Each structure stands twice: as C-alpha cells, then as structure tokens.
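Residue-level structure breakdown
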Amino acid sequence: MSLADSAIETLQQATELNYEDPLRDGSLLRFANYGQVVMTGDLHGNRRNFEKLVRYCRLESTPVRHVLLHEMIHSDPQTVDWVDRSVELLLDAAQWKVFLPEQVHFLQSNHELAQLQKHEITKAGRLVTEEFERGVAEVLGDKRVDEALEAINAFIASFPVAARSDNGIFYAHSLPDSYQLDRFDPNCVFAPPDRLDLSEGGMIYQLVWGRRHTPELLEKLGEAWDVRLFIIGHQPQEMGYSVQHDRLVILATDNPHGVFLPVDCSRQYDLESLIQRIIPCAGVP
Ligand SMILES: [Mn+2]
C-alpha cells in the first residue's frame, strides 16, 4: 500500500468517525460535567508542538481526556526552497482520530475552510491554498493527488464547528466580528454540517473569520450558548496566549511559545483560575 493509499483510507475513516461522534449535537460537541478537554490554538503545521501535545495527552491511558484540534494546515515558509508540508500534521491528526475516535475531535477553522472552498488566502503575498496542494503532491506523490485532495476536503467538511462543556465554557476557532452582532444567529452551531452555510458571509464563515470581539458580543453569545468563558485561537499570539474582556482566552500552539489548555469539566472556573491551567508546549518533555 502506498503512502497515498493509506492517507486516503485514514482520511475517509476519520471523516466517518467525525459524523458518528456521539458527543455531536448538530455541529456542536457537548462535553459532560466530568473528564477533561484539552483546548489548543492554531497549529499551522507545527509538528513539534503537536507531538508534545500528543505526549502530554496520553489519551490511551487517560480515557476521560478529550482533545480539540483546529487550524492544523498552512504553515509559514522556513527556507527558500520551502514546501508547505502541513498535510503531514493533518494526516497525523486524522490517524489520532482513527486510533482514539471518542477522544480526538476537530473544530472548523478559516484556513481549513479556505482549503475546502479554494478561497484564496494570501499570507505575505503567497497563495496558501495552492502551496498546500503542492505540498500534498510532494508528500503523497502525484499519482493519487486528486483523490487525496478530495478526501482532505471531505474530512474538513465533516468537522464540527464548536464545543461546549457543562461548566460554562465555549470552544471554537474564533467568534464572529462584533459588527455582525445583530446578524449572527447563535443557533447556527446546532445545524448538521451538510446544512451549514459555509459560504463567504455565511454564519460559519463569520464565526471562523471574526476578529473584533466586544463585551456586548460576548454577553449575547454567552447568553445564547449558556456559557461564561470562551477559549479560541485564530489571532496570532507571540507569547502563547492573551485574554480579553475578562472572559475570552485566545491561544496559539504554532510557535515556540505555543500553549494548550486542559479544562477539568467538573470544575467551575473564573478567568484567573482558567489561565493558571495554561501549559506551554516548551514545558512538555
Ligand atoms: Mn484562523
């Protein structure tokens, strides 16, 4: 079996498992009031931090622990002859899902959505979706590249949009912009993925692309989703994380200061006690 053959098979299995996830309510994952959820920030192909996350989580021996992954693809150029090999991280993550389907989960993000929709994102003048495709051909070979890209798209389309734990915490790649306050329907997360409006300007598009979050927006969303605190990624964090408006934590897992955040679902948190739980990847052996 070639690398492409096994990659396509893994992606197809992971796609099925995403749809069958028993925690799913439409496109929302609901975590109960026990166990742990490890929230990450953007990974953007950072395999070093991903491997640390895998080592920290020890999911095989910690069955009550879950992990949420998002924005795994589209890495930044390292050298002149650089190729975006972030598909390798995506495949590692899909494989992790296949091994431990009840504990590994994904959330929709704007880079993955852009790849699915061939929506051209430029990062410093580069077309990241095309660079990703070139990387897929390099990593998996040219022979089945179209089928591999198709399997990647189906995998991305199967992602839930957000998660919620019973102790009042909401997890997503981002939240809508505050100027969408009156137009955004918080109930969109309850729709099944095949009925989601992922198109430009659609509800999920707004949720994964938004950046300006005001106290009013968080108040409205908190009420609609019955949560007090939010953990997201999306906005680059050179020092690993930041906090906004006393209830929003923004994580990044894609740089040397990258972090992740294990949340005990049986525990009530305020912002201070939540950020004390943040773990730097650099601290994981
Ligand atoms: Mn993003």
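Check the entry above for the structure.
Rules used throughout
- Residues numbered from 1 in each chain as written.
- Predicted model: local features only at pLDDT ≥ 70, side-chain atom pairs only at ≥ 80, totals over all residues.
- Core = buried A, V, L, I, M, F, W, Y, C linked by C-beta atoms within 7 Å.
- Buried ≥ 20, exposed ≤ 12 C-beta atoms within 10 Å, placed from the backbone.
- Helix = DSSP H or I, 4+ residues; strand = E, 2+ residues; numbered from the N terminus.
- Pairing = 2+ DSSP bridges.

Focus on the nonpolar core
Counting 77 residues, the largest nonpolar core has M39, Y171, I231 and L251 as its most contacted members. Top element by residues in this core is helix α3 (residues 87-99). It accounts for 7 residues.

A look at helix α4 (residues 110-117)
Burial runs high along α4: 6 of the 8 residues are buried. When we look at burial in α4, the residues that qualify are N110, H111, E112, L113, A114 and Q115. The positive-phi residue at the C-terminal boundary of α4 is K118, with phi of around 50°.

Some words on the sheet that holds strand β9 (residues 169-172)
Read across the open sheet, the 7 strands follow the order β1-β2-β8-β9-β10-β12-β11; overall the sheet is mixed. The strands lining the two open edges of the sheet, one partner per strand, are β1 (24-25) and β11 (241-244).

Details of unusual backbone geometry
What is expected of a backbone is that most residues other than glycine have negative phi and most peptide bonds are trans. The backbone of H44 sits at a positive phi, close to 40°, despite the residue not being glycine. Residue H245 is not a glycine yet carries a positive backbone phi of 55°. With 14 C-beta atoms counted inside 10 Å, the residue H245 sits in the partly exposed group.

Some remarks on the sheet that holds strand β14 (residues 279-280)
The strand order across the open sheet formed by 5 strands is β5-β4-β3-β13-β14, and the pairing between neighbours is mixed. Of all strands in the sheet, those bounded by a partner on one side alone are β5 (104-106) and β14. Note: strand β4 (residues 65-69) against β5, 3 bridges, orientation parallel. Opposite L69, over in β5, you have F106 as the bridge partner.

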